[in-house]
Amino acid sequence: TPPRTLVHAAVAASEAASRTRRRVNMRALPVMRAATSAMLFRTLAHTRLLEPSSRLLASNIRVGHATSALPAKAFARVGHIHANAMQGSDALHGVKIVPLPEERYVGGRPFPLTLSPDSSVEGMELTSWGKANSRLLVQLMCSHGAVLLRGWKAGATAENFSEFVRGLGLETFGMGCSAAPRTNVAPAVFTANEAPPSELIPFHHEMAQCDERPAFIMFFCEKEAAAGGATPIIPSDEVAMYLRARHPAVAAKLAEHGVRYVRVMPSENDLSSPIGKSWRVAFEASNEAEAEAAMKRDGTSWEWLAGGDLRTVSKPMPALVTEPRRGKEVFFNSVIAAMQGWKDSRNDPKKAIILGDGSPLTADEIAALEDVAEMMHRSRIAFKWQQGDILLLDNAAVMHSRETFTPPRRVLASLWGPPDDRRGRSARASSGGNGNTHPNGGASVPMLRLKSHDRLPAVGFGLWKTPRDVCADAVVAAISAGYRHLDCACDYGNEAQVGEGIRRAIDEGLVRREELWVTSKLWNTYHSAEHVEMACRKSLSDLQLDYVDLYLVHFPFATRYVPFEARYPPEWIYDPDAPVPQLELVPVPLHETWRAMEALVGKGLARNIGMCNVGCQTLRDMMTYAAIPPAVLQVELHVYNQQPNLLRFCRENGIVVTGFSPLGAPSYFELGMATQSESALDNAVIKRIADKHGKTPAQVLLAWGVQRGCAVIPKSTVEARIRENLNVCSFTLDEADLKDIATLDQGRRFNDPAEFAQGMGPLGTFLPIYD
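Predicted model, so just to flag it, every value in this text is computed and none were measured.

**Digging into the overall build of the protein**
Reasoning step 1: Assigned secondary structure in the protein consists of 24 helices and 33 strands.
Reasoning step 2: Per-residue burial for the protein yields a buried fraction of 57% across its 771 residues.
Reasoning step 3: Contacts in the protein between residues far apart in sequence, at least 24 positions, make up 76% of those at least 6 positions apart.
Reasoning step 4: Carbon and sulfur atoms provide 51% of the accessible area of the protein, an area that totals close to 31100 Å².

Encoded structure:
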């Protein structure tokens, strides 16, 4: 995987070139930002979203600050509109979204999302509903960060909770590295924390101090407290933004050095302490020698103390990281928990944290972190537990804590890794954990993480325009070369042949189904809600698959329905034999199509869903009503059409981008949509960079796309080129290369319906979608 700095450099270079072309006076930006802030405050006040009694000052509203700076009421109306829009989603079968008094809206989405059973599943045990909707729940956890299930009265016991979590199809995860002593009460279910009720458990990400952390943590309220005892939650990216804005020097230091955790462990569990887990349990050791061997493997330094206690100092651990599935920086650590909660007869919380370079925290740094802790307390969501409640958290996105309480209270916990049926690709990853090692001996291919925890290989095999008579052989050749990502579509007219190639490759032992990433696309004629599922099932039948890893809406407009038996694929013209053949648009709103797309996830027909050929505003609008936001955007992306703003928007909203036509013009020559002079393969800058690295121009163009953090899907039927196109990650473009390539951007689209649709039929159709 290219170094992160160079990925940032690639994006920065392209953004800088774009700004230069727009001739923006950068010195005017502070004035613009101030004017925008003032306008925002006046607008909010005018629309009465800000109460006159609000303690919020206008100076606190600034572009780029966390939305948590605004009171919850300021976004309540917008949030309820979003929740009401989500309510109609076909994916939410059997449940309804209910308002939670304590909830607020994060990125316009309810946090937590609270679901209760509707009348259609009344009396059904949560275990049965959860197993049938496991993929939906995983997607909702990943898109909302927190999901609260409330009102499932049937089967509200620890055993039923165990059945429920084990039915979600997630990878098992143990409690070994947890600092707190816990008791196993049912399969995969433990006491949440056995610290005394008077002990506050500060905010943290579960096991952030460990090398391996759970992807999800789930809580179950078996018995609510007489008073107190909430499990407050907060989005971690809000905490990171606050730290960056208020204490930039401290944030920079934490990001650069990370932290080390210092803890003294007893030889036996101490249930009177919130961090009383013994070193025997923590390291699964029966004696000191076994513990030392485990610590050596972990990079932990140690000192044996009197009475059998053990003082440990962890290796440097991250404190501020960019969460790869969302593209947002998070405060991923247990710093506040250690500073405020790691206290007992053996431990002094003031000494629990040192910087990664071994230096102690200064007084100013401690004060800054204490301010962050106060911010977390002010901004927390702390709802009152009800018996039978289940809270599902995405551990990489959400921090949690525990408030003091008056007994009785019994809240249980369960930790889980990513979905286990999606581990085939990542289990084959390179030592860096992000790539796929290919049998042709080339460099490993980076894997792009989706919110759902699925990993998309960054180099795929495109199948547009691949002739049917050679398609199956090309698919087998690609899989044999090491490709694990196939990009298909109904409109390509060759999915049956792709399916034949997949089946041959599996039968020959070249690959397992779970190792493949297969994308297909919904064609324009099937946008109506009643046609989406049948179109997906038709593709699955042709591909000889039970599910696709990704199903995309091919274009953001609907055309008149054509039955399968009349013509398949239906292409663009409704009736080619009509006296005046025309492309016929029909009024199907995108939200109707998207709700039917979401239902495919719930039914297990598509693991992920996304869009093609749309821009920022369409995506922004979709996120106001989507229960499952788009996971992937596929657009035309090459050095002549770099789209830096779109890439930045997607990066900041956790949407992975796939670039089609990564080589630019060549695919369009035979269609008369590009000329030889427009080929980037012949561009002098690209050829010079290729010579510099000893690579072909095509490899440079593909490496550039991958280095920007995107997936690319080159196509070929020539075996030598199939292999060449895959081997694009064995070299790295430097900053000079990236700056030179950034100057080539022309905003040139070769695949633009505004142009080519005008040539369809005798009258043509003007169909702009990018303007």
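**Re the packing of helix α7 (residues 236-246) against helix α12 (residues 363-379)**
Reasoning step 1: Their axes nearest at 10 Å, the elements α7 and α12 cross at an angle of 140°. By the criterion of interaxial angle, the relationship of α7 to α12 is oblique. As α7 runs across α12, the sense of the crossing is right-handed. On α12, the residues that touch E238, V239, Y242 and L243 of α7 are D371, V372, M375, M376 and R378.

**With respect to the sheet that holds strand β32 (residues 656-660)**
Reasoning step 1: Sheet architecture is open: eight strands sit in the order β26-β27-β28-β29-β30-β31-β32-β33, paired in parallel fashion. Each having just a single partner strand, β26 (461-462) and β33 (711-712) make up the two edges of the open sheet.
Reasoning step 2: Where strand β27 (residues 485-487) meets strand β28 (residues 517-522), three bridges bridge the pair, whose relative direction is parallel. Bridge assignment links L486 to a residue of β28, and that residue is V518.
Reasoning step 3: Where helix α16 (residues 529-543) meets the sheet, it contacts β28 and β29 (550-553), and its direction lies at approximately 140° from that of β28.

**Remarks on the pattern of salt bridges**
Reasoning step 1: Applying the stated criterion across every chain yields a total of 31 salt bridges.
Reasoning step 2: In this structure, R512 and E514 form a salt bridge, with 2.8 Å as the shortest nitrogen-oxygen distance.
Reasoning step 3: By relative accessible area, E514 is classed as partly exposed at 31%.
Reasoning step 4: Measuring nitrogen to oxygen at the nearest pair gives 3.8 Å for the salt bridge that ties E719 to R723. Linking E719 with R723, this pair stays in helix α22 (residues 719-726), spanning four residues, or about one helical turn.
Reasoning step 5: The structure contains a network of salt bridges with shared partners spanning E323, R325, R326 and D394.

**Looking at the environment of D745**
Reasoning step 1: Inspection of the secondary structure puts D745 in the loop between α23 (735-742) and α24 (753-756).
Reasoning step 2: For D745, a relative accessible area of 12% gives the class buried.
Reasoning step 3: There is a polar contact of 3.2 Å between the side chain of D745 and the backbone nitrogen of Q642.

**Here we look at the pairing of strand β31 (residues 632-636)**
Reasoning step 1: Buried residues dominate β31, accounting for five of its five residues.
Reasoning step 2: Of the two faces of β31, the one lined by V632, Q634 and E636 and the one lined by L633 and V635 are each fully buried.
Reasoning step 3: Looking at chain direction, strand β30 (residues 609-612) and β31 are connected through three bridges and run parallel. Among the inter-strand pairings, G610 is bridged to a residue of β31, identified as V632.
Reasoning step 4: Viewed along the sheet, the connection from β30 through helix α18 (residues 616-622) into β31 turns out right-handed.
Reasoning step 5: Taken together, the five bridges between β31 and β32 define a ladder with parallel strand orientation. Paired with E636 across the two strands is F660, which belongs to β32.
Reasoning step 6: Between the parallel elements β31 and β32, the chain passes through helix α19 (residues 644-652) in a crossover that is right-handed.

**Side note on helix α14 (residues 468-481)**
Reasoning step 1: The end-to-end C-alpha distance of α14 is 20 Å, a good match for the 20 Å that 14 residues give at a rise of 1.5 Å each.
Reasoning step 2: Close packing links the buried residues of α14 with β26, β27, α15 (495-507) and α22.
Reasoning step 3: At the exit of α14 stands G482, carrying a positive phi of roughly 125°.

**Things to note about the sheet that holds strand β13 (residues 259-265)**
Reasoning step 1: The four strands lie next to each other as β14-β15-β13-β18, forming an open sheet whose pairing is antiparallel. Of all the strands in the sheet, just β14 (301-304) and β18 (353-355) have a single pairing partner and so form its edges. The average undirected angle you get between the axes of adjacent strands in this sheet is 20°.
Reasoning step 2: Where β13 meets β18, three bridges bridge the pair, whose relative direction is antiparallel. Counted as the bridge partner of V259 is L355 from β18.

**Some points on the side chain of Q634**
Reasoning step 1: Secondary-structure assignment places Q634 in strand β31.
Reasoning step 2: Engagement of the side chain of Q634 in a polar contact is seen with the side chain of D487, the distance being 3.0 Å.
Reasoning step 3: Setting aside chain neighbours within four positions, we find Q634 in contact with D487, Y492, K521, L552, M611, C612, N613, T658, F660 and I713.

**Let's talk about the confidence of the model for the protein**
Reasoning step 1: Taken as a whole, the protein shows an average pLDDT of 87; of its residues, 85% reach a score of 70 or greater.
Reasoning step 2: With pLDDT under 50 throughout, residues 1-5 is counted as low confidence; its partners more than four residues away or in other chains account for seven contacts.
Reasoning step 3: For the stretch residues 20-79, pLDDT sits under 50, and the model shows 55 contacts to residues farther than four places along the chain or on other chains.

**Brief notes about the nonpolar core**
Reasoning step 1: L149, F164 and M218 are the most contacted members of the largest nonpolar core, which totals 140 residues.
Reasoning step 2: Every residue in contact with L149, bar those within four places of it in the chain, is listed here: L115, L126, L137, F164, G388, D389, I390 and L392.
Reasoning step 3: Listed in part, the 33 residues of the second largest apolar core include Y261, V335, A338 and A368.

Procedures and definitions
The numbers attached to residues start from 1 for each chain and follow its sequence in the written order. Per-residue local features of the predicted model are confined to residues with pLDDT of at least 70, and side-chain atom pairs are confined, for both listing and counting, to 80 or more; whole-chain, interface and lining totals are unaffected and use all residues. Water and hydrogen atoms play no part in the side-chain values, which are based on all heavy atoms of the structure. Strands are runs of DSSP state E lasting at least two residues, helices are runs of H or I lasting at least four, and both sets are numbered from the N terminus onward. To sort residues, take the accessible area from a 1.4 Å probe on protein chains only and compare it with the maximum for the residue type: under 20% means buried, over 50% means exposed, and anything in between is partly exposed. What makes two residues a contact is simply this: any of their non-hydrogen atoms within 4.5 Å. Accessibility throughout is a Shrake-Rupley quantity obtained with a 1.4 Å probe, and a residue counts as covered only by protein chains that appear here. In this analysis an axis means a line fitted to C-alpha atoms, helices contributing only their contacting stretch, and an angle means the value between N-to-C directions, from 0 to 180 degrees. Angle categories are assigned with fixed cut-offs, so that under 35 degrees is roughly parallel, over 145 is roughly antiparallel, 65 to 115 is roughly perpendicular, and the rest are oblique. Note on convention: the crossing is left-handed when the near helix lies turned anticlockwise from the far helix by less than a right angle, right-handed when the turn is clockwise. Note: two strands are recorded as paired if DSSP finds a minimum of 2 bridges between them. We define a salt bridge as a contact between a side-chain nitrogen of Lys or Arg and a carboxyl oxygen of Asp or Glu at a distance within 4 Å. Polar contacts, as counted here, are pairs of nitrogen or oxygen atoms within 3.5 Å of one another; within protein the pair requires one atom able to donate a hydrogen and one able to accept it, and residues that are adjacent in sequence qualify only if both atoms are side-chain atoms. By the criterion used throughout, a crossover qualifies as right-handed when its path from the first strand across the helix to the second strand runs clockwise, the strands pointing away from the viewer. A helix is expected to span 1.5 Å for every residue after the first. The predictor rates its confidence in each residue with pLDDT, a number between 0 and 100. To define a nonpolar core, start from buried Ala, Val, Leu, Ile, Met, Phe, Trp, Tyr and Cys residues and group those joined through side-chain atoms within 4.5 Å.

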